[in-house]
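An overview of the molecular structure
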Amino acid sequence: IDELKNMGCLYLIFSGGEVLMRDDFFDIASYAREQGFALRLMTNATLIDEAVSEKIASLYPLAVETSIYAADKDLHDAITSFAGSFDKTIKAVRLLKKRNIKVVLKFLIMNDNIEKFRAVKSLAEEIGADFVFDFCVVGRNDGSRGPLRYRLNEEKIKDFFVSNNIPLNKREADDEALLCIAGFNNIFITPYLDVYPCIGLNVKLGNLYEKDLK
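Described in the following lines is the structure provided in the data block. (Residues numbered from 1 in each chain as written. Predicted model: local features only at pLDDT ≥ 70, side-chain atom pairs only at ≥ 80, totals over all residues. Heavy atoms only, no water.)

**Brief notes about the pairing of strand β1 (residues 11-14)**
The side chains of a regular strand alternate, first on one face of the sheet and then on the other. Stated formally: Remark: exposure states derive from per-residue accessible area (1.4 Å probe, protein chains only) relative to the maximum for the residue type, with buried under 20%, exposed over 50%, and partly exposed in between. Numbering of helices and strands runs from the N terminus, with a helix taken as a DSSP run of H or I at least four residues long and a strand as a DSSP run of E at least two residues long. Here the rule is simple: two strands pair whenever DSSP picks up at least two bridges between them. The definition of a right-handed crossover adopted here requires that, viewed with the strands pointing away, the path from the first strand over the helix to the second runs clockwise.
Burial along β1 is one-sided: the residues L12 and F14 are buried and none of Y11 and I13 is. As defined by bridge partners, β1 adjoins strand β2 (residues 38-42) across four bridges and the pair is classed as parallel. When the sheet's bridge partners are listed, I13 is paired in β2 with R40. In this region the chain leaves β1, passes through helix α2 (residues 25-34) and returns to the parallel neighbour β2; the handedness of that crossover is right-handed.

**A short note on the packing of helix α4 (residues 73-80) against helix α5 (residues 85-98)**
Spelled out, the test is: Orientation is described by lines fitted to C-alpha atoms, with helices fitted over the stretch in contact, and by angles between N-to-C directions that extend from 0 to 180 degrees. Working definition: roughly parallel below 35 degrees, roughly antiparallel above 145 degrees, roughly perpendicular at 65 to 115 degrees, and oblique for all remaining angles. By definition, residues are in contact when any of their heavy atoms lie within 4.5 Å. As a working rule, the residues Ala, Val, Leu, Ile, Met, Phe, Trp, Tyr, Cys and Pro are called nonpolar, Asp, Glu, Lys and Arg charged, and the rest polar, with Gly in that last group.
α5 packs onto α4 with a crossing angle of 105° between their chain directions and a minimal axis gap of 8 Å. By the angle between their directions, the pair α4 and α5 is classed as roughly perpendicular. In this structure, α4 uses K73, H76, D77 and T80 to contact α5, whose residues at the interface are S85, F86, D87 and T89. Considered class by class, the residues forming the contact of α4 with α5 number one nonpolar, four polar and three charged.

**Observations concerning the sheet that holds strand β6 (residues 188-189)**
In space, the three strands of this open sheet follow the order β6-β7-β8, with antiparallel pairing throughout. Both edges of this open sheet fall to β6 and β8 (206-207), since each of them pairs with a single strand only.

**What about the side chain of D194?**
What counts, and what does not: Whenever a nitrogen or oxygen atom comes within 3.5 Å of another N or O atom, the pair is scored as a polar contact, on the condition that within protein one atom can donate a hydrogen and the other can accept it, and that pairs from neighbouring residues in sequence are kept only if both atoms are in side chains.
With respect to the element layout, D194 can be found in strand β7 (residues 194-196). Among the residues examined, D194 registers a relative accessible area of 14% and is labelled buried. A polar atom in the side chain of D194 sits 3.1 Å from the side chain of K204. Leave out the neighbours within four places in its chain, and D194 touches F188, I189, K204, G206 and N207.

Structure below.
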């Protein structure tokens, strides 16, 4: 954290796994906040209760982001493989909103839940949370392509935008439009202090036990 500060980093995202499983999470996050970082927390929110939501509020995060896969617990819990996860997540989101914390509900659109888009968007509006969606289903880190069976094909994605009256913004394929931010204004540090250009680019740059971040 000190090295990031000295290098001029402003935005710091705490993600996982699940950040709230660390007993020392709030020690780390509080220290980062004291150093002037603008924090975002990515969590499945299932471990957030009244006490935890108060601690999160004390961090004054830019946002707390959590994934939602349906507007009903049966499908959401089936996708997460965790019974009760929908109720826990929604309860946590309401606790955070009660404390005026910006919450972002993130909806990953897949073959199994594409029909739930409007219901999830309505739920986010009812709660007062921001709502974002994407189609980015990727392979596993070990190279397995198994998860790609859930990914929408190009035709389904086009149909989705048309049926939901969402404008299709097309970019020209020039160098600027295709510039990847990995290692340019984004880096990924694992809990084991391995450093990568981003979470999706599996090219290890080094380890912070062995050399400094710069």
